[in-house]
Amino acid sequence: MEENKGITVDMLISVYNDLAKKMANNRLKAFASHLRKQELTLNQYSILSYIERKNACLSIQLAQHLNLKAASITYLVDSLEKKELVIRVENPLDKRSQLIQLTDAGYSVVSYSVDDSHASKIFEEMDLEDREVLYLMVKIMNKKVFSKAESNDRLDD
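Residues numbered from 1 in each chain as written. Predicted model: local features only at pLDDT ≥ 70, side-chain atom pairs only at ≥ 80, totals over all residues. Heavy atoms only, no water.

Novice: Please provide a residue-by-residue account of unusual backbone geometry, values included.
Specialist: Look at asparagine 55: it is not a glycine, yet its phi comes out positive at around 75°. Here asparagine 55 lies in the loop between α2 (42-54) and α3 (59-66). Accessibility expressed as a relative area gives 51% for asparagine 55, which makes it exposed. One non-glycine residue, asparagine 67, lies in positive phi territory at about 55°. Looking at the element boundaries, asparagine 67 is found in the loop between α3 and α4 (70-82). The exposed category is assigned to asparagine 67, whose relative accessible area is 69%. (Helix = DSSP H or I, 4+ residues; strand = E, 2+ residues; numbered from the N terminus. Buried < 20%, exposed > 50% of the residue type's maximum accessible area, 1.4 Å probe, protein only.)

Novice: Account for a nonpolar patch on the surface, with residues named and values stated.
Specialist: On the surface, Ile7, Met11 and Leu12 cluster together to form a nonpolar patch covering roughly 320 Å² of accessible area. Here isoleucine 7 lies in the segment before α1 (9-38). A residue is classified by how much of its surface remains accessible, and isoleucine 7, at 64% relative accessible area, is exposed. (Patch = residues over 30% accessible without salt bridge, like charges linked within 9 Å, V, L, I, M, F, W, Y side chains within 5 Å. Areas by Shrake-Rupley, 256 points an atom, 1.4 Å probe, with all protein chains shown as cover. Salt bridge = Lys/Arg side-chain N within 4 Å of Asp/Glu carboxyl O.)

Novice: Give me the pattern of salt bridges: which residues, what numbers.
Specialist: This structure, assessed with the given rule, holds 4 salt bridges. With a shortest N-O distance of 2.8 Å, aspartate 78 and arginine 88 are connected by a salt bridge. One end of the pair, aspartate 78, is in helix α4; the other, arginine 88, is in strand β1 (residues 86-90), with 10 residues separating them in the sequence. According to the relative accessible area criterion, aspartate 78 is partly exposed, its value standing at 30%. Given the relative accessible area of 23%, arginine 88 is considered partly exposed.

Listed below in structure tokens is the structure:
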């Protein structure tokens, strides 16, 4: 009879990688579905997201951030303006330029959050003992990962 050698590090890594890939894949599918519903490209969404972080920006900033030519940015911003997701307003610091800002509809589109109902269903179907074990395992992993990351950050300073 073969002796049980226990769970190896490779086994843990394999299970972790499988889970991470599946969860990321579900989130990517949900995000792609959101973009399709809004009839947006990834570049258009990136523009909305960047403007949300900056509150307002210039076309040149978008071009630098997305590494696109000015003409491409103009085309993308025009398309977002037609969808009433952004507006151009006069730049108070330089009357020759315009700032690009999100509209309320733009904020609504960019404030998209992932629907985690699929994950919730999986957890709800687990019995209490399995949920407790999983909770403790993830808590331990979280503690180990972040304590190691924090110590590496201190070493980098």
